Amino acid sequence: MVPGEGVMTGYRTPEYNDLYDYADRCASEGRHGEALEIYEKLSQINPGDDSLLLSIAWVHRDSGNIEKALQYLEQILEKELSRKVFTGFAYDELVRFYRETGEDEKLIFLCERAASAYPNDPSLLATLGKACLRSGKADRAFQVFSILVGFDPEAPVYHMDLASAAVLSGRFDQAEKACEEACRLDPDDAHMYFDRLSTTYLEAGQYDKAERASKRSIEICPKNPLYYCSLGEIHLKRGRLDDSRKAFEEACRIDPFSRSAFHNRLANSMLRQGHTIEAIDEYEKAVAADPRNPFYYLSIIGCCEALGDTERAERFRNLGLSEGVLSHEK
């Protein structure tokens, strides 16, 4: 086949699949108008082809017509929700879109509809539960993950999802029990489960519990440097700067090849907590460990300028220039 008018007028009896393939090729090459013209022609021939409607939605999306793309996806979704067997192509696209755009309420409404239509589908319930967690609807998430645990009590991931929902809904005892059950079911990954529990406690502002869970992960897996970084960030949240540095230094001892990354991570965390002077010291350590990374110099320069320390900023700018990682343009 050739592009242009010949596609529509030069072939009296084109094969449906051949024409579809050509439209797909047009779409992949960015010829959206041509692809759309062919897809719509094919849609008149076979209006019940959901994959074709999905292709039309993608072309509208790729050409920037998001509203039109959503209209087609919602049209397909209505058909999907009415069937005995859930295909979920449009559903998956809409979930991805709402996640990317941060439209949590629309995402939850979509997930609730799908879960209501197919209440025994664990994947739909899991997506609903995670959407509820993301939007702060912790009580609903707890309900959903409790159902999933009932569906499959041997799945550690459901227990950990339940633990996260329990933390964020204030059910701390149940969170601990759920995490312990996940560890019992999958002892090899127990350190990961306690690390996740610690992170969730930290998000909820439960620093004592976060620290306790973090230390459990370190007890189980003392050679993982990232767990010491996590512990260091908990100390930082609590204002314990010396303890935070010690935890990060231990991470550096375990993995000296990542010293620069660890010091940079601590510096960024300090900066977020308002400890600009201390952050500069950590950025300096990052530069010492990896003098070829321009971002470390830029971070120091930005901090120094924010503090009005132009002399120090200029010193590191000149150092970056001498290393050949910064340009003379400011």
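Structure's up top.
Note that the structure is predicted; figures quoted are calculated from it, not measured.

Here is what the cut-offs are and how they apply
- Residues numbered from 1 in each chain as written.
- Predicted model: local features only at pLDDT ≥ 70, side-chain atom pairs only at ≥ 80, totals over all residues.
- Heavy atoms only, no water.
- Salt bridge = Lys/Arg side-chain N within 4 Å of Asp/Glu carboxyl O.
- Patch = residues over 30% accessible without salt bridge, like charges linked within 9 Å, V, L, I, M, F, W, Y side chains within 5 Å.
- Areas by Shrake-Rupley, 256 points an atom, 1.4 Å probe, with all protein chains shown as cover.
- Lys, Arg positive; Asp, Glu negative; His and termini not counted.
- Charge placed at Lys NZ, Arg CZ, Asp CG, Glu CD.
- Helix = DSSP H or I, 4+ residues; strand = E, 2+ residues; numbered from the N terminus.
- Core = buried A, V, L, I, M, F, W, Y, C linked by side-chain atoms within 4.5 Å.
- Buried < 20%, exposed > 50% of the residue type's maximum accessible area, 1.4 Å probe, protein only.
- Contact = heavy atoms within 4.5 Å.
- Expected span 1.5 Å × (residues − 1).
- Arc of directions from axis to C-beta.
- Axes fitted to C-alpha atoms, helices over the stretch in contact; angles between N-to-C directions.
- Parallel < 35°, antiparallel > 145°, perpendicular 65-115°, else oblique.
- Nonpolar A, V, L, I, M, F, W, Y, C, P; charged D, E, K, R; others polar.
- Polar contact = N/O pair within 3.5 Å; in protein donor to acceptor, adjacent residues only side chain to side chain.
- Phe/Tyr/Trp six-rings, centres within 6.5 Å; stacked < 30°, edge-to-face > 60°.
- Lys NZ or Arg CZ within 6 Å of the ring centre and 35° of its normal.

Asker: Explain the pattern of salt bridges to me, please; I cannot follow it from the model alone.
Answerer: Opposite charge on two side chains lets them pair, provided their charged atoms get close. In total, this model carries 32 salt bridges according to the counting rule given. Three or more residues are tied together by salt bridges with common partners; here these are D208, E211, K215, R238 and R240.

Asker: What's the story with a negative patch on the surface in this structure? I'm lost.
Answerer: A grouping of E15, D18, D21 and D24 is seen on the molecular surface, where their side chains present a negatively charged patch. Tracing the sequence through the fold places D21 in helix α2 (residues 16-28).

Asker: I tried to follow the nonpolar core on my own but got confused; where do I start?
Answerer: Side chains of nonpolar character tend, in soluble globular proteins, to be buried together. Of all hydrophobic cores here, the largest spans 71 residues; its most connected members are Y39, Y91 and L197. Apart from residues lying up to four places away in sequence, Y91 is in contact with L77, E80, F86, L110, C111, A114, L124 and T127.

Asker: Looking at this structure, I do not really get helix α3 (residues 32-45). What am I missing?
Answerer: Note on helix geometry: an α-helix contains 3.6 residues per turn, so any two residues three or four positions apart are oriented the same way. Over its 14 residues, α3 extends 20 Å from the first C-alpha to the last, a length consistent with the 20 Å expected when each residue adds 1.5 Å. All of the buried residues in α3 are E34, A35, L36, I38, Y39, L42 and S43.

Asker: Explain helix α19 (residues 310-323) to me, please; I cannot follow it from the model alone.
Answerer: A rise of 1.5 Å per residue sets the reference length of α19, with its 14 residues, at 20 Å; its end C-alpha atoms lie 20 Å apart and thus fit the reference within 8%. Those residues of α19 that fall on the buried side of the exposure criterion are R312, A313, F316, R317 and G320. Buried residues of α19 fall within an arc of 140° about the axis and therefore sit on the same side. Set apart from the buried face of α19 by more than 90 degrees, the exposed residues are T310, E311 and S322.

Asker: Explain the packing of helix α14 (residues 225-237) against helix α15 (residues 241-254) to me, please; I cannot follow it from the model alone.
Answerer: For any two helices packed against each other, one specifies the inter-axial angle together with the distance between the axes. Contact geometry for α14 and α15: axes closest at 7 Å, N-to-C directions at 170°. The angle between the axes of α14 and α15 places the two elements in the roughly antiparallel class. For the pair α14 and α15, the contacting residues are P225, Y228, C229, L231, G232, E233, H235 and L236 in the first and L241, D243, S244, A247, F248, E250, A251 and I254 in the second. Residue composition of the contact of α14 with α15, by class: 10 nonpolar, three polar and three charged.

Asker: Can you help me understand the environment of R134 in this one?
Answerer: Position of R134 relative to the elements: it lies in helix α8 (residues 122-135). Distance in space between the C-alpha atoms of R134 and E74 is 23 Å, their sequence separation being 60 residues. Ignoring any residue separated from it by four or fewer positions in sequence, one finds R134 in contact with Y98, R99, G102 and D104. In this structure the side chain of R134 is engaged in a polar contact, spanning 2.6 Å, whose partner is the backbone oxygen of R99.

Asker: Honestly, the packing of aromatic side chains in this entry has me stumped. Any pointers?
Answerer: The description of an aromatic ring pair uses the distance of the two centres, along with the angle that the planes make with each other. In the structure shown here, the tally under the stated rule is five aromatic pairs. Consider the rings of F172 and Y201, whose centres lie 6.0 Å apart with planes at 55°: the pair is tilted. Pair noted here: F172 is in helix α11 (residues 172-185) and Y201 is in helix α12 (residues 190-203), with a separation of 29 residues, a long-range link. By the ring-pair criterion, three or more aromatic residues cluster together here, those being F86, Y91 and Y118. Lying across the ring of F142, R171 places its NZ or CZ 4.1 Å from the centre.

No statement about biological role is implied by the geometric values presented.
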